Amino acid sequence: MNSLLQDDIILDCRAEKIFYSDFLAVRDSHVPIRKNQITGFIGPSGCGKSTVLRSINRMNDLIRGFKFFGSVQFHSMDIYDKKVDPVAVRRNIGMVFQQPNPFAMSIYENVAFGLRLNRFKGNMDEQVEKALRGGALWDEVKDKLKKSGLSLSGGQQQRLCIARAIATGPQVLLMDEPCSALDPIATRQIEELMLQLKERFTVCIVTHNMQQAQRVADQTAFFSVDISVGGRTGYLVEMGATKELFSNPQEQLTKEYLHGDFS
Amino acid sequence: MNETKNNLLQLPNLERHPFEPRALKSILLSTITVICAILACVPLFSVLVMLIYRGGSRINLELFTALPPTAFQFDGGGISNAIIGTLFMVGIAALITIPFGVLAAIYLAEFGPYSKIATIARFSAKTMSGLPSIIAGVFAYAIMVITMGSYSAWAGGVALAVLMLPTILLTAEETIKMVPKRMKEAAFGMGCTPSQSMTKVVLPMALPGIITGVVLAVARAAGETAPLLFTAIFSEYALEPNDPTASLAVLIYNYSNSTSENQLELAWAASLVLVVLVFILNMVSRWIGSRTRK
Amino acid sequence: MAAENGEESILNHAETLAAPPTPVDKIFDKCFRTLTFVFTWATVLLLAFIVFRIGGQALPAMKEYGPGLLFSSDWDVNNNQFGIWPQIWGTLYSSLLALVLGGFFGITIAIFLTQDFLPHKLEMVLKNIVELLAAIPSVVYGLWGIYVLIPLLQPTADKLHSSFGWFPLFSTSFSGFGMFSAALVLSIMILPTIAAISQDALRAVPRRTKEAAFGMGATRWEAILRVILPTASGGISGALVLGLGRALGETMALAMLVGNSATVSLSLFSPASTLASLLALNFPEADLNQTGVLMYAACTLLLITLVVNMLGTLIINTTTTKGGER
């Protein structure tokens, strides 16, 4: 951790406590996100990795009873500051979801949606093409841009969602188990795409698949569930460079998890 | 004791016994059920046959263009003013209730589904949907006819609106809720404001369902008589929104016990027109509904 | 992959297009949300206003005549004597009769449609027919009742009266317009409501409950009567109560068929009157004093239907949530 240059950190998430109503979902998790790297969130189910991810662009605001204690520093601003508009946050920190969720519009309109939302004044066609190229989908859809986004295959839909999310050039891209609904071939394509994406974006990915984290992530954060207090509270066990974490985990719990003692 | 033991050891009897009391009872009950089902279909066919038989002969151009005859006019005449009156009043009601119902439904489904006011509003809408239709008429009489000092198409429209509102509101709420959560998440994840997410993503997806509700409400309102009886009442002249206004439903009621054979025939013809209109609206709503389910 | 081809891709551009929501977006958001909130309130206020307005107009009459009006049978406009007991009686009696008939048919059809008696296609046809029954406007049923049903009933009713005249239900001669014709049409009108809600209740019975009954060797009807119907009984009673609510508020078919005479009689063939038909017939030519009395009657009707409907909704809500937990 000492080797980290402070400048490298684009987003510093300190989740001291996250509540859903009275339920303490996550505690004491400090996750620094480094620029132009892929940060993987792994851990057993219910460990709060998705909750933390969705706290980073305030998606959890939509959930009733959600309370966040801590801070998420993004460009010297705490996005949980009262002055910050969560809508503006989500426009700068994009998100890709577990289920591919293109809108019931044409492929073109799906990508143009975000551009229109941000009142983009330039050449729309050109920008849509750029985004689809960025999402590694252009060659497959360039002849059927007018077709419904829902007519694509699952993997294509997910790449469309990625193209849609990156069309406006957000700085950070959050991915919540983006491959869990896809077959192995589509998963590989998305993984390759992620490696391209990190040249330009900073990517955070939640995955339940340790191999996937090993393949794509530069940094890995391992979360676990603490059932000692009575609830099922998730917390960060340890975080570090992926190679380091997998080959030489510092914590006993991480060792057991990587070894497959629990999942 | 011994006997039961012996029975247990015997091979069980697995053959069919069609005349055993259990089997007979089953057959009897099934027969009754079939008869009930057939009997229940009889009224529909009887009504349809009678409408065509008694009203079909009057289906011609004159029916749709001419004004109603007087009681002493032995043939001819039409129901043009009643058709226009029905469309006009249902139109007013739709113009009031569509924005009213859909906007309230958006709040109930999305912006504040768990708030106290939403619970009360949902309860109010459900209560209103059970309101006797004549009460809507009494209400419109109290606020429109008494204040304006005369029967009018406007009062009729308001009475119908009271009846249409709960249907539109409750179906719109249901369909907006049924839009998959991941679509709403996608919109929010892109940085939509709640209103942008609603107008650009959720409402377009819920639109077919909302239209279904509106069409059903319109179909119901078009056939309502009671709320119009003392709000729009009836007129033998062409539409004049500030004056008493004719409608198909009230025309049928007024002419149903007319001594004039001519007027009675018109009542049947008007019924046929009304039922065809209502059925078409029902079909349209079903068609939209089934198309979206695919 | 596209980005490898060196073509123009978003990945080669560092600048961001993300912009915060414009003031217009924010104002639109605010206005839109406020508008939905306002109309939600308006829904509540509308119901309150309906009750308040009708109640307000009825208040003078309530003060003048008190609860006695509900139990008096005198209606004499010239002497300002009013009583709506015959109408209350007629409303309740006709609705209950319709409920018995419509309930029996409605539940039977619901069973027929849900318990695999028919191939799926026929099931859909029958279901649509029953639903179309509900679509026919009540004034058309009234017309049909006058010119088809009453002539049809006449011979049977006459025979019943002459043979069983000692029995209270058949004690008066059949004049066509009256309780029987009205209740019959009313039952046709509430049948679809009862059938539809009962179908939902029957479909909500978990498959394994049914399978358990079959597994123990029950015949189809034993399973239906002993297991499925009792399990769905909550929803079905809710259906009956809501059907009753519809019958209580129905106006036109009754106004056209019930005969509109203020009589209190058990006989099916006697003409009668109901609250809704009283309103329908008297409102157009009511003077101020009479309007008050009619508003009083409207209040009574409103109260009866509100209570019945709330009861129905309550029954359905409590039983369906329980069903969900099973």
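Residues numbered from 1 in each chain as written. Chains lettered and ligands numbered in written order. Predicted model: local features only at pLDDT ≥ 70, side-chain atom pairs only at ≥ 80, totals over all residues. Heavy atoms only, no water.

Attention shifts here to the confidence of the model for chain B. A residue-level look at chain B finds 96% of positions with pLDDT of 70 or above and a mean pLDDT of 89. Mean pLDDT across the elements of chain B ranges from a minimum in helix 1 (residues 2–9) of chain B, with 54, to a maximum in helix 4 (residues 80–111) of chain B, with 96. (pLDDT = per-residue confidence, 0-100. Helix = DSSP H or I, 4+ residues; strand = E, 2+ residues; numbered from the N terminus.)

Residues and elements named next belong to chain A. Taking burial as the measure, the five residues of strand 8 (residues 202–206) include five buried ones, the bulk of the element. Residues T202, C204 and V206 line one face of strand 8 and the alternating positions V203 and I205 line the opposite face, and both faces are buried. In this sheet, strand 8 lies alongside strand 3 (residues 38–42) in parallel orientation, the contact comprising four bridges. Paired with G40 across the two strands is I205, which belongs to strand 8. Alignment of strand 7 (residues 172–176) against strand 8, held across five bridges, turns out to be parallel. Looking across to strand 8, one finds that D176 is bridged to V206. Handedness of the crossover joining strand 7 and strand 8 through helix 7 (residues 184–197) is recorded here as right-handed. (Buried < 20%, exposed > 50% of the residue type's maximum accessible area, 1.4 Å probe, protein only. Pairing = 2+ DSSP bridges. Right-handed = clockwise from strand over helix to strand, strands pointing away.)

All names here are of chain A. With mixed pairing, the ten strands of this open sheet are ordered in space as 5-4-1-2-10-9-3-8-7-6. With one partner strand each, in any of the chains shown, strand 5 (77–78) and strand 6 (93–96) form the two edges of the open sheet. In the sheet, strand 6 pairs with strand 7 via four bridges, with the strands oriented parallel. Across the sheet, V96 pairs through a bridge with M175, a residue of strand 7.

With that settled, consider the nonpolar core. Core analysis: the largest hydrophobic core is formed by 212 residues, its most contacted members being B:I79 and B:I176. The biggest single contributor to this core is helix 4 of chain B, with 16 residues. Residues from two domains meet in this core; each of domain 1 (21–65) and domain 2 (84–325) of chain C gives at least three. For B:I176, the residues in contact, after removing those within four places along its chain, are B:A105, B:I106, B:A109, B:E110, B:K184, B:M198, B:V202, B:L203, B:A206 and B:I210. Residues A:C13, A:M95, A:C204 and A:A221 belong to the second largest nonpolar core, which totals 36 residues. (Core = buried A, V, L, I, M, F, W, Y, C linked by side-chain atoms within 4.5 Å. Domains from an automatic or database assignment. Contact = heavy atoms within 4.5 Å.)

Chain C puts 22 residues into the contact, and the matching count from chain A is 28 residues. Summed over both partners, the interface of chain C with chain A buries about 2100 Å², with 57% contributed by carbon and sulfur atoms. At the surface where chain C touches chain A, the tally comes to three salt bridges. For C:D25, the salt bridge goes to A:R119, with nearest N and O atoms at 2.2 Å. Counting every contact that joins chain C to chain A gives seven residue pairs in polar contact (both at pLDDT 80 or more). Tallied by class, residues from the side of chain C that touches chain A come to eleven nonpolar, five polar and six charged. (Buried area = accessible area lost by both parts, 1.4 Å probe. Salt bridge = Lys/Arg side-chain N within 4 Å of Asp/Glu carboxyl O. Polar contact = N/O pair within 3.5 Å; in protein donor to acceptor, adjacent residues only side chain to side chain. Nonpolar A, V, L, I, M, F, W, Y, C, P; charged D, E, K, R; others polar.)

Here we come to the interface of chain C and chain B. Each partner contributes residues to the interface: chain C has 74 residues there, and chain B has 80 residues. Overall, the association of chain C and chain B removes approximately 6800 Å² of surface from exposure, summing both partners, and the carbon and sulfur fraction of that is 79%. Our count for the contact surface shared by chain C and chain B stands at two salt bridges. When the shortest N-O distance is used, the salt bridge between B:R22 and C:E222 registers 2.6 Å. In this assembly, chain C and chain B are joined by twelve residue pairs in polar contact (both at pLDDT 80 or more). For the side of chain C that touches chain B, the leading source of residues is helix 1 (residues 23–65) of chain C, giving 21 residues. Split by residue class, the side of chain C that touches chain B holds 54 nonpolar, 14 polar and six charged.

With that settled, consider the packing of aromatic side chains. Residues and elements named next belong to chain C. Across all of its chains, the model carries 30 aromatic pairs over all chains by this definition. Relative to F269, the ring of F180 lies with its centre 5.8 Å away and its plane at 75°, an arrangement referred to as edge-to-face. On the criterion of sequence distance, the pair formed by F180 in helix 6 (residues 179–203) and F269 in the loop between helix 10 (252–257) and helix 11 (275–282) is long-range, its members being 89 residues apart. You can call F180 partly exposed: its relative accessible area is 22%. Judged by relative accessible area, F269 falls into the buried class, the value being 1%. Three or more aromatic residues joined by ring pairs form one cluster here, namely F164, W166, F167, F170, F180 and F269. (Phe/Tyr/Trp six-rings, centres within 6.5 Å; stacked < 30°, edge-to-face > 60°.)

This part takes up the pattern of salt bridges. With the rule as written, the count across this model stands at 29 salt bridges over all chains. The salt bridge involving A:R188 is made with A:E192; its shortest N-O contact spans 3.1 Å. Of this pair, A:R188 and A:E192 both sit in helix 7, four residues apart, which is roughly one turn of the helix. Between A:K198 and A:D218 there is a salt bridge whose closest N-O contact spans 3.1 Å. With A:K198 in the loop between helix 7 and strand 8 and A:D218 in the loop between helix 8 (210–216) and strand 9 (219–226), this pair connects stretches of sequence that are 20 residues apart. For A:K198, a relative accessible area of 18% gives the class buried. Salt bridges sharing common partners tie together A:R54, A:D176, B:K181 and B:E185.

As a further point, take unusual backbone geometry. Residues apart from glycine generally show negative phi values, whereas peptide bonds are mostly found in trans. All names here are of chain A. Phi at S76 takes a positive value of approximately 60°, unusual for a residue other than glycine. Assignment of secondary structure puts S76 in the loop between strand 4 (66–74) and strand 5. A positive phi angle, near 55°, is found at A136, a position not held by glycine. Assignment of secondary structure puts A136 in the loop between helix 4 (124–134) and helix 5 (138–141).

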